[in-house]
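Single-letter residue listing:
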Amino acid sequence: MLMSQLYAPTLRETPAEAELASHRFMLRAGLIRRSAAGVYSFLPLGLRVIRKVEAIIREEMSKIGGQEVLMPIVQPAELWHATGRWNDYGDEMFRLVDRHNRQFCLGPTHEELITDLIRSEVRSYRQLPLRLYQIQNKYRDEIRPRFGLIRGREFIMKDMYSFDRDEQGLDESYWACYHAYERIFARCGLDARPVEADSGAIGGDVTHEFMVLADAGEDLVLYCTSCEYAANVERAEAGPVASAKAAGEQLPMEEVATPGTTTIQEITAFLGVEATQCIKTMIYLADGEPVAALVRGDHELNEVKLQRLLGCSQLELADPETIAQVTNAPVGFAGPVGLAVPIVADHAVLEMVNAVTGANKADYHVKNVNVGRDFNADKAADIRAAQPGDPCPTCGAPLTSAWGIEVGQVFKLGTKYSAALKATFLDENGKEQPLIMGCYGIGVGRTAAAVIEQNHDEHGICWPMSIAPYHVIVVPVSVKDEQQWETAQAIYKALQDAQVEVVLDDRDERPGVKFKDADLIGFPIRITVGPKSLSQGNVEVTLRKTGDRTEVPVHQITEYVVNIISKG
Ligand code: 9G3
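Residues numbered from 1 in each chain as written. Predicted model: local features only at pLDDT ≥ 70, side-chain atom pairs only at ≥ 80, totals over all residues. Heavy atoms only, no water.

### Observations concerning unusual backbone geometry
Here comes step 1: In the segment running from Leu128 into Pro129, the intervening peptide bond is cis, with an omega of 0°.
Here comes step 2: Relative to the assigned elements, Pro129 resides in the loop between α4 (111-119) and β7 (130-139).
Here comes step 3: At Asn354, a position not held by glycine, the phi torsion is positive, near 55°.
Here comes step 4: For Asn354, the location among the structural elements is in the loop between α9 (347-350) and β18 (355-361).
Here comes step 5: Residue class for Asn354 comes out buried when judged on its relative accessible area of 15%.
Here comes step 6: Here the phi dihedral of Asn368 falls at roughly 60°; this positive angle occurs in a residue that is not glycine.
Here comes step 7: With respect to the helices and strands, the residue Asn368 is situated in strand β19 (residues 364-369). (Helix = DSSP H or I, 4+ residues; strand = E, 2+ residues; numbered from the N terminus. Buried < 20%, exposed > 50% of the residue type's maximum accessible area, 1.4 Å probe, protein only.)

### Section: helix α11 (residues 444-454)
Here comes step 1: In terms of burial, α11 is largely enclosed, as nine of its 11 residues are buried.
Here comes step 2: Within α11, burial applies to Val444, Gly445, Thr447, Ala448, Ala449, Ala450, Val451, Ile452 and Glu453.

### Quick notes on empty space enclosed by the protein
Here comes step 1: If you walk through the whole model with that rule in mind, you get one cavity of 30 Å³ or more.
Here comes step 2: Looking at the largest cavity, its volume works out to about 50 Å³.
Here comes step 3: Lining the largest cavity are Ala518, Asp519, Phe523, Arg526, Thr542, Leu543 and Arg544.
Here comes step 4: Listing elements by their share of the lining of the largest cavity, those giving two or more residues are α13 (511-521) and β30 (538-543).
Here comes step 5: Grouping the constituent residues of the lining of the largest cavity by class yields three nonpolar, one polar and three charged. (1 Å grid on protein atoms, 1.4 Å probe; cavity = no way out; pocket = protein on both sides within 12 Å on 5 of 7 lines; lining within 4 Å. Points joined across faces, edges and corners; volume = space filled by probe spheres on them. Nonpolar A, V, L, I, M, F, W, Y, C, P; charged D, E, K, R; others polar.)

### Things to note about the site of the ligand
Here comes step 1: The environment of the ligand is formed by 18 residues, the closest being Arg85, Pro108, Thr109, Glu111 and Arg140.
Here comes step 2: A distance of 2.9 Å separates an oxygen atom of the ligand from a polar atom in the side chain of Arg85.
Here comes step 3: Between the ligand and Tyr89, the relevant distance is 3.4 Å, taken from an oxygen atom to a side-chain nitrogen or oxygen of the residue.
Here comes step 4: In the complex, 93% of the free accessible area of the ligand, which totals 500 Å², lies under the protein chains.
Here comes step 5: Of all the elements in the fold, those that place two or more residues in the shell around the ligand are β8 (154-164), β21 (399-414) and β24 (436-443).
Here comes step 6: Residue classes in the shell around the ligand are distributed as 10 nonpolar, three polar and five charged. (Near = heavy atom within 4 Å. Polar contact = N/O pair within 3.5 Å; in protein donor to acceptor, adjacent residues only side chain to side chain. Areas by Shrake-Rupley, 256 points an atom, 1.4 Å probe, with all protein chains shown as cover.)

### A closer look at the domain arrangement of the protein chain
Here comes step 1: Considered domain by domain, the protein chain is made up of domain 1 (21-188 + 420-452), domain 2 (254-381) and domain 3 (470-566).
Here comes step 2: Its C-alpha centre places domain 2 at a distance of 68 Å from the equivalent point of domain 3. (Domains from an automatic or database assignment.)

### Observations regarding the sheet that holds strand β5 (residues 95-97)
Here comes step 1: Read from one edge to the other, the open sheet built from three strands follows the order β4-β6-β5, with strand pairing classed as antiparallel. Unpaired on one side and paired on the other, β4 (74-76) and β5 mark the two borders of the sheet. The mean angle between the axes of side-by-side strands here comes to 40°, regardless of whether they run parallel or antiparallel.
Here comes step 2: Sheet topology places β5 next to strand β6 (residues 103-106); three bridges connect them, and they run antiparallel. Within β6, the position partnered with Leu96 by the bridge is Phe104. (Pairing = 2+ DSSP bridges. Axes fitted to C-alpha atoms, helices over the stretch in contact; angles between N-to-C directions.)

### Remarks on the pairing of β30
Here comes step 1: Counting buried positions along β30 gives five out of six residues, so the element sits mostly inside the fold.
Here comes step 2: By the bridge criterion, four bridges tie strand β29 (residues 525-529) to β30 in an arrangement that is antiparallel. Each bridged residue has a counterpart across the sheet, and for Ile527 the counterpart in β30 is Val541.
Here comes step 3: With five bridges joining them, β30 and strand β31 (residues 549-553) adopt antiparallel strand pairing. What sits directly across from Val539, in β31, is Val552.
Here comes step 4: Between β30 and β31, which pair antiparallel and follow one another directly, the connecting turn spans five residues, one of which, Gly547, has a positive phi of 80°.

### A few points about helix α12 (residues 482-497)
Here comes step 1: In a regular helix each residue adds 1.5 Å, so 16 residues correspond to 22 Å; α12 covers 23 Å between its end C-alpha atoms and thus fits that length.
Here comes step 2: Turning to α12, its buried residues are Gln484, Thr487, Ala488, Ile491, Tyr492 and Leu495. With its buried residues spanning 135° around the axis, α12 presents them on a single face. Those residues of α12 that are exposed and aimed more than 90 degrees away from the buried face are Glu482 and Asp497.
Here comes step 3: Between a side-chain oxygen at the N-terminus of α12 and the backbone nitrogen of Gln483 the separation is 3.0 Å; the capping residue is Asp481.
Here comes step 4: Of the residues flanking the end of α12, it is Gln499, one or two places downstream, whose phi is positive at about 65°. (Expected span 1.5 Å × (residues − 1). Arc of directions from axis to C-beta.)

### Here we look at the nonpolar core
Here comes step 1: One finds Met61, Tyr181, Ile184, Phe185, Val407 and Trp463 to be the most contacted residues of the largest nonpolar core, which totals 67 residues.
Here comes step 2: Here the element with the most residues in this core is helix α5 (residues 167-187); it accounts for eight residues.
Here comes step 3: For this core, the domains that each give at least three residues are domain 1 (21-188 + 420-452) and domain 3 (470-566).
Here comes step 4: For Tyr181, the residues in contact, after removing those within four places along its chain, are Met61, Lys158, Phe210, Gly408, Gln409, Val410, Tyr440, Gly441 and Ile442.
Here comes step 5: Grouped together as the second largest cluster of nonpolar side chains are 24 residues, Trp86, Leu413, Tyr417 and Leu435 included. (Core = buried A, V, L, I, M, F, W, Y, C linked by side-chain atoms within 4.5 Å. Contact = heavy atoms within 4.5 Å.)

### Looking at the side chain of Asn354
Here comes step 1: A polar atom in the side chain of Asn354 sits 3.0 Å from the backbone nitrogen of Leu251.
Here comes step 2: Each residue touching Asn354, except ones within four places of it in the same chain, is listed here: Glu249, Gln250, Leu251, Asn368, Val369 and Asn370.

The structure is reproduced here in structure tokens:
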């Protein structure tokens, strides 16, 4: 490819809307262009990277028996009605109607579609396990698309669906894909870590998210520095904390006037107590029913855990009117004593002695509240968000946190979709059984963007060899110099003959401009054909990742470069 012909409009300046390194460089290096919020075009260099990521994915999916299909983007609403999910995602689902006024959506995922696809033709245990996958556009109308390909409204996803005869079969599919993901991300040059996650509305019980630790991440991951434990904060277990159970005996309860002080910060300052001595009482509506959730003042409630504990499908903070009804006080004075609604308390609350909490009376709190004597919890559970410093639930070492970009996830679905859509098979005894499903996704564009997040410097991208758009750029310092130009062309041709993906910068530009573009786009290898090296019969090879420079005799350059590429 000649640089003068390559359509890669590089930008000197950083476009205002790009806050993230990967977003910034994908625009500046001419890989993508924005068509609308969260909707992008891939230009030649960007598409070459995407196709390489996809090729790695296809190889690894094939290794675990995955067969590629391609399902439609336009999906009939009936399937989503059958599983009851047509309205679950509200405005996030792109909906449309055809000329006959029939309803469709642009597929945000394909559980319904694939289950419908196979249910009438997968009828026997002999056909299992079946692992089908596709690499297809997905559509989700994100409220705030941002960070380029990291959070788009149209994005390329590899999604695989497994169909097994029983839980054991599902387990085999799940872990086969889990380990395939470890290989895929490693081959893409990405340091991605599997973390335990909450399976949320998707159903099933086990799920892992593959996270790329980056400040731009939108998921908080808690992980242990001493063992392999890592979990999305939505799911992270909090090991038993050193109980704040002060030895002191239980003092009599005492109401204190705390006019207008409603937050933990205000209470601790006003009463001169620690947050660890306070009980935070929050009133929620679980499927419309009020419930009180208690956590220690220095902890945060984990709503995902609370919802899982209550088994409700809707969970939201109660509105002020409900809080007034339930606590006889405005927001900020709620407490467990005398509450007539069910109380769910985090384990740490039950360890507390002489706690401070709301008095369920305007402008009053109450001191020396003791569980058992002054109130009882209907349920005690781990409902707090684990936080850095908590003991690792596996080995006890302190947890640390980091932001992560989710590039993949693996889910055990069980029969959630096969039951709803009556996708069954006959076992050896001719007995009808529901198919046991799993689903597994990778964000293809997100993976490429995450690679840039982890592989860039201030000059631009440092592509790993495996997914670089091209391996080599040949840069003659001056195309006007006969010897440099002839040598550069000869090297370019020799590399092409050796199946190397090579670009020749044939532009009549100042060297600095050419070097800047080479560094911005991030070709892993740059061959500079300049007067000094040539006078010694050499050319200079620069490795983008390390900056290493080596003088290499012109007649050895092809072998030298092929060797670097083969090492990856
Ligand atoms: C929707 C909309 C958004 C969604 C979903 C449905 C996320 C939805 C979860 C999944 C689970 C797995 C197969 C590949 C891997 C992920 N956002 N999810 O189901 F209608 Cl608008 O997609 N699906």
